[in-house]
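Observations on the three-dimensional arrangement
Take a look at the letters that make up each chain.
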Amino acid sequence: MERDYRFYAAQAAATGLLISAVKFPLNAGSFTSVVSQLELASVVMLMNHVPGAGLLGSFAAILGVKATVDEADASSVSRTNKLVMLGGAGLLCLGLFVDKRGIKIFG
């Protein structure tokens, strides 16, 4: 398999979403649990190059940003780092989705 820019962008986005998903608690029924599970599902889809993974990843990143902003116990430094990581992952996922539709973003 040829490894082009899309391969590396998908791996970087999956890494950011995976780190974010691990940080959220998996309490049943809570909003952060749903966000974490959605992020984990998008990580698996991105790693396996499933069609639509970029769209699901960007949606998961948006919900992750909302959950991070709503967190009350996070320090400002860790919150800022997580927001930057989720924003980057979300932009990479959105770029992968748009690039697949024919609008060249990468390269």
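Relevant structure appears above.
The structure reproduced in this document is the subject of the present report. (Residues numbered from 1 in each chain as written. Predicted model: local features only at pLDDT ≥ 70, side-chain atom pairs only at ≥ 80, totals over all residues. Heavy atoms only, no water.)

Formed by 13 residues in total, the largest nonpolar core has its most connected members in Leu 17, Leu 46, Cys 93 and Leu 96. For this core, the elements supplying multiple residues, two or more each, are α1 (5–23), α2 (31–47), α3 (53–70) and α4 (76–100). If one sorts the elements of this core by residue count, α1 sits on top with 5 residues. Residues Val 35, Leu 38, Ala 60 and Leu 63 belong to the second largest nonpolar core, which totals 5 residues. (Core = buried A, V, L, I, M, F, W, Y, C linked by side-chain atoms within 4.5 Å. Buried < 20%, exposed > 50% of the residue type's maximum accessible area, 1.4 Å probe, protein only. Helix = DSSP H or I, 4+ residues; strand = E, 2+ residues; numbered from the N terminus.)

A few words on the packing of aromatic side chains. Under the criterion given, the structure shown has 1 aromatic pair. Ring centres of Phe 7 and Tyr 8 lie 5.2 Å apart, and the angle between their planes is 85°; this geometry places the pair in the edge-to-face category. Residue classification places Phe 7 among the buried residues on the basis of a relative accessible area of 14%. When the ring centre of Phe 31 is taken as origin, the NZ or CZ atom of Lys 66, which lies over that ring, is 5.7 Å away. (Phe/Tyr/Trp six-rings, centres within 6.5 Å; stacked < 30°, edge-to-face > 60°. Lys NZ or Arg CZ within 6 Å of the ring centre and 35° of its normal.)

Our focus in this paragraph is α2. Taking 1.5 Å of rise per residue, the 17 residues of α2 would be expected to cover 24 Å, and the 24 Å separating its terminal C-alpha atoms lies within 8% of that figure. Looking only at α2, the buried set comprises Thr 32, Ser 33, Val 35, Ser 36, Leu 38, Glu 39, Ser 42, Val 43 and Leu 46. In this structure, the buried residues of α2 make contact with α1, α3 and α4. His 49 occupies a position one or two residues after α2 and carries a positive phi of about 55°. (Expected span 1.5 Å × (residues − 1). Contact = heavy atoms within 4.5 Å.)

Turning next to α3. For α3, spanning 18 residues, the distance from its first C-alpha to its last is 25 Å, which sits close to the expected 26 Å at 1.5 Å a residue. All of the buried residues in α3 are Ala 53, Gly 54, Gly 57, Ser 58, Ala 60, Ala 61, Leu 63, Gly 64, Ala 67 and Thr 68. Looking at the buried side of α3, the elements it contacts are α1, α2 and α4.

Its place among the elements puts Ser 30 in the loop between α1 and α2. Side-chain polar atoms of Ser 30 contact the side chain of Thr 32, separated by 3.3 Å. (Polar contact = N/O pair within 3.5 Å; in protein donor to acceptor, adjacent residues only side chain to side chain.)

Here we come to the environment of Ala 9. Inspection of the secondary structure puts Ala 9 in helix α1. By relative accessible area, which is 8% here, Ala 9 ends up buried. Sequence separation between Ala 9 and Leu 96 is 87 residues, and the spatial gap between their C-alpha atoms is 7.5 Å.

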